[in-house]
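Secondary and tertiary structure notes
So you can see what is in the structure, the chains are spelled out below.
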Amino acid sequence: MTAALPASYLDDGLTLRSWLTTTDHKRVAILYAIAITAFFFVGGAAATLIRLELATPQGDLVSHDAYNKLFTAHGVIMVWLFLIPSIPSVLGNFLLPLMLGARDLAFPRLNLLSWYLYVAGGLVTLEALLLGGVDTGWTFYTPYSTMFSNSYVVLTLVGVFITGFSSILTGLNFIVTIHTLRPPAMGWFKLPLFAWALYATSLILVLATPVLAITTLLVAAERLFQIGIFDPAFGGDPLLFQHLFWFYSHPAVYIMVLPAMGVVSEIIPCFARRPVYGYASMAYAILAIASVGFLVWGHHMFVSGQSLAASMTFSLLSFIVAIPSAIKVFNWTATLYKGAIRFDAPMLYALGFVGLFTIGGLTGLFLASLALDVHLTDTYFVVAHFHYIMVGGSVMAYFGGLHFWWPKATGRMYPEIWARIAAVLVFAGFNLTFFPQFLLGVEGMPRRYHTYPPQFQVLNLFSSTGAGVLAIGYLMPLAYFAWSLLRGAPAGDNPFEAKGLEWQARSPPPTHNFDAAPVVPDRVYDYTAEEREPEPESAP
Amino acid sequence: MTAATLARQSADETPDPDTGKLGMWVFLASELLFFGGLFIAYLYGRTHFPAGWAAGSRRTDVVLGTVNTALLLTSSAAVALAVACEDDDRRRRWTARLLALTAGLGAVFLVLKGVEWHAEWHEHLVPGPAFALPVAGAQQFFALYFVMTGLHGVHMIFGVGALGGLALGRARERPWAGARQIEVAALYWHFVDAIWIFLYPLLYLVDRHG
């Protein structure tokens, strides 16, 4: 132990140039984290303005035109520049090689390229926003986007197109890494579930994103040259656009939520000191969600005039997705059984995920029911539903993962008590923001309007207040993570006594990841409740 | 930790020779879906405007299209031979030449494609206000024709660049122009060729068969 160990990845080159030309997966992950955090707060600022406008029934803060641009900016930034890359590109990039006991991803340079593509796409999108914005909604429905909108549609689509290639390259990298860099002792069914989730996510990234790319290309061509693919005025079919768009954008929901499921599957066993219940069924459920998820896109089009036979098929398939999703929820719950549970901040986020994902998933079944969907289409019920999945699900898990692996990435602990307060604020603020929107939707308040009848004001005020609480919950980690970087207590290599291979590396790991080859245990998630008594004062 | 096993650290070993190949296969799967959206749009147009599709297809240059098909098939054979020669010590001197031949055939394909586009521009077959064919759907046909052959052309340009570069690198025995790189580039080239095998009948032969 007296021999000097090689420097950690953070100290291995301190110049800006050493960061911008790095091929170290951990540094690329940090680059992603910085860029994604910036876009998260830009998208969040748009959401703040939306909720401020909706605090009163009148349109007194922004014009209807500006409102359209705000919710479009919020959607485009949050979907493509935050949610899709968040967990895979930040946590996945950092952890996948460590979890496999490998030195880096299969294609380290490609990994850096995907970051540059992401930043380029993000800046182009931001440019469109600064020039005047887009008012089509993040779905770019034709013929409005191709014929009528007087905003920066093409420029935004170029941004989305470029970002898409970043996604494809990340997915490609992960698939090849999991195939070729697993240690010989780690068979497919000894992979951490986070790696399984990244694998399934990568399949979707690689197979769905190109369809979005070609669709954006066709919309841009149609807008510039009026070629008549999507515009009925020239003989095209707007439904063709919707089919192509949702063929990507529905699986994109699983791009956002599958990695979140992976994160939660790492956190819950660690803080319950129990092996994951039904490991194999968890892995199969991930694959089932990813594959059936490709066949349900038509449930976004029940009122579009597609045939009833198509609608019934898509409805049935959408119900089928609920089965593997429910298996996962039951298994996380069963993992807690007889566990020695500790409510550290990552665990609070993970448990929050399970509850909110369940609500989001069950309300999805409401929307998958043909007759009910006619009533609920384009109401706030839909808005509430997908925010429960994307914010209540993906963002909760992303924050849980950030806290769980923060000590590994930085070598320092975050302040536990502040982190718990933030987690509780996020959970409470989230529910206060979005639960009233279910009620608003059932009562018939349509989405995408900046005014509403006065009888909806009470619930909207709840929602806007909740958004304020949520904002505080999201800003707090920014402050205490910064504090932790400077003053946080040294974390040690494995502060949570977790069992994944990544915890066998130093904190923060050296550039080459492991000083000695890591040991693959016989069983994955080899936790036992007996080894540690629950802390008596730990229950909040 | 009973019967614990040491993990593998990738850096300590030479990279798995299949890594690049697997990466290319995954990339090609993605590419297939990229073109897939266009094939769906084509299917929609052809079922809705059979007459327009037939009228449009009749105006394509089937002679140049057929010559180009022959060129691409020959180039695919050439690159397959290049991969085979690289595996055989006695024939390795042919590798660079075959790669150059592949890139050359691809370049001729692009020139002929440019000649076609040029003629079509002058015949007012480019969608727009001055479009020449009055049949409903013909404009959609040509819109897809230009998007599909254009996108294929972009892929060809990348392929010609990659194979041309590898031919030079291989001739000078550069380390980045080895057997593995050649095989990965050849996979890509075969894919671009296979896409054309579908584009050719779908675009040139709609009204000419049967």
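**Section: the overall build of chain B**
Check the secondary structure of chain B and you find six helices and one strand. Taken from the N to the C terminus, the helices and strands of chain B come in the order β-α-α-α-α-α-α. In terms of overall dimensions, chain B is more spread out than a globule: its C-alpha atoms have a radius of gyration of 21 Å, far above the 17 Å expected for 210 residues. By its C-alpha atoms, chain B is 75 × 50 × 30 Å across when sized along the principal axes.

**Focus on the overall build of chain A**
In terms of helices and strands, chain A carries 15 helices and one strand. Expressed as a percentage of the 540 residues in chain A, the buried residues total 56%. Within chain A, contacts between residues at least 6 apart in sequence are counted, and of these 85% link residues at least 24 apart.

**A short note on the packing of helix α2 (residues 25–53) of chain A against helix α4 (residues 108–131) of chain A**
Residue and element names in this part refer to chain A. The interhelical angle for the contact between α2 and α4, taken along N-to-C directions, is 10 degrees, at an axis separation of 10 Å. Between α2 and α4, the crossing angle belongs to the class labelled roughly parallel. Residues H25, V28, L31, Y32, A35 and F39 of α2 lie in contact with α4, whose contacting residues are P108, N111, L112, W115, Y118, V119 and G122.

**A word on the packing of helix α3 (residues 62–86) of chain B against helix α4 (residues 95–122) of chain B**
All names here are of chain B. Where α3 contacts α4, the axes come no closer than 8 Å and their chain directions differ by 165 degrees. Taken together, the axes of α3 and α4 are roughly antiparallel relative to one another. For the element pair α3 and α4, the recorded crossing hand is left-handed. Tallied by class, the residues present in the contact of α3 with α4 amount to 17 nonpolar, six polar and three charged.

**Notes on the environment of F230 of chain A**
All names here are of chain A. Position of F230 relative to the elements: it lies in the loop between α7 (193–225) and α8 (238–272). Judged by local crowding, F230 falls into the buried class, with 28 C-beta atoms found within 10 Å. Residues F230 and V211, 19 residues apart in the sequence, show an inter-C-alpha distance of 15 Å. Ignoring anything within four residues of it in the chain, the contact list for F230 reads T142, P143, T146, V219, E222, G236, D237, P238, L240 and F241.

**Details of helix α1 (residues 19–48) of chain B**
An ideal rise of 1.5 Å per residue puts 44 Å on 30 residues; α1 of chain B measures up with 44 Å between its terminal C-alpha atoms. Helix geometry: α1 of chain B is bent most strongly at G36 of chain B, by close to 25 degrees.

**Focus: the confidence of the model for chain B**
All names here are of chain B. Residue-level pLDDT values for chain B average 90, and 92% of them are 70 or greater. By mean pLDDT, strand β1 (residues 5–6) is the weakest element of chain B at 41, and α4 is the strongest at 97. Considering only residues more than four positions removed or in separate chains, one finds that residues 1–13, a stretch of pLDDT under 50, has 34 contacts. Scoring of the predicted complex yields 0.94 for pTM and 0.91 for ipTM.

**Some points on the interface of chain A and chain B**
Interface size, as often reported, equals the accessible area lost upon joining of the parts. On the chain B side, the residues contacting the 43 residues of chain A number 37 residues. It is α7 of chain A that contributes the most residues to the side of chain A that touches chain B, ten residues altogether.

**Examining the nonpolar core**
A general tendency of soluble globular proteins is for nonpolar side chains to be buried together. Counting residues in each nonpolar core, the largest one holds 228 residues, and the members touching the most others are A195, L258, V264 and I286 of chain A together with L99 and L163 of chain B. Top element by residues in this core is α8 of chain A. It accounts for 23 residues.

**Observations concerning unusual backbone geometry**
Leaving glycine out, the prevailing phi sign among residues is negative, and the prevailing peptide bond configuration is trans. With an omega dihedral of 0 degrees, the bond running from T142 of chain A to P143 of chain A counts as a cis peptide bond. Examined against the element boundaries, P143 of chain A turns out to sit in the loop between α4 and α5 (144–148). Residues other than glycine seldom take positive phi values, yet E497 of chain A does so here, at roughly 50 degrees. Turning to its location among the elements, E497 of chain A is positioned in the loop between α15 (457–487) and β1 (519–520). In this structure, H124 of chain B takes a positive phi of about 60 degrees despite not being glycine. Looking at the element boundaries, H124 of chain B is found in the loop between α4 and α5 (138–171).

**What to know about helix α2 (residues 50–58) of chain B**
Residues and elements named next belong to chain B. Taken together, the buried positions of α2 are G52, W53, G56 and S57. Projected down its long axis, α2 carries its buried residues within an arc of 125 degrees, all on one side. Contact partners of the buried residues in α2: α1, α5 and α6 (179–204).

**Digging into the environment of Y248 of chain A**
All names here are of chain A. Relative to the helices and strands, Y248 resides in helix α8. Put simply, Y248 and L205 are 43 residues apart on the chain and 9.1 Å apart in space, counted from C-alpha to C-alpha. Among all residues touching Y248, those that are not within four sequence positions of it are A208, T209, V211 and L212.

**Focus on the confidence of the model for chain A**
On average, residues of chain A score 94 in pLDDT, and 97% of them are at 70 or above. Considering each helix and strand of chain A separately, the mean pLDDT is smallest for α5 of chain A, with a value of 91, and largest for helix α14 (residues 416–443) of chain A, with 98.

**Some words on the environment of T60 of chain B**
Residue and element names in this part refer to chain B. The residue T60 is located in the loop between α2 and α3 in this model. With 23 C-beta atoms packed within 10 Å, T60 lands in the buried category. For the pair formed by T60 and H190, sequence separation is 130 residues and the distance between their alpha carbons is 24 Å. Excluding residues that lie within four positions of it along the chain, T60 makes contacts with G65, Y145, L203 and Y204.

Thresholds, definitions, all that
Residues numbered from 1 in each chain as written. Chains lettered and ligands numbered in written order. Predicted model: local features only at pLDDT ≥ 70, side-chain atom pairs only at ≥ 80, totals over all residues. Helix = DSSP H or I, 4+ residues; strand = E, 2+ residues; numbered from the N terminus. Rg over C-alpha atoms; globule rule 2.2 N^0.38 Å. Buried ≥ 20, exposed ≤ 12 C-beta atoms within 10 Å, placed from the backbone. Contact = placed C-beta atoms within 7 Å. Axes fitted to C-alpha atoms, helices over the stretch in contact; angles between N-to-C directions. Parallel < 35°, antiparallel > 145°, perpendicular 65-115°, else oblique. Left-handed = near helix turned anticlockwise from the far one by under 90°. Nonpolar A, V, L, I, M, F, W, Y, C, P; charged D, E, K, R; others polar. Expected span 1.5 Å × (residues − 1). Bend = angle between axes of the 7 residues up to and from the residue. pLDDT = per-residue confidence, 0-100. Core = buried A, V, L, I, M, F, W, Y, C linked by C-beta atoms within 7 Å. Arc of directions from axis to C-beta.

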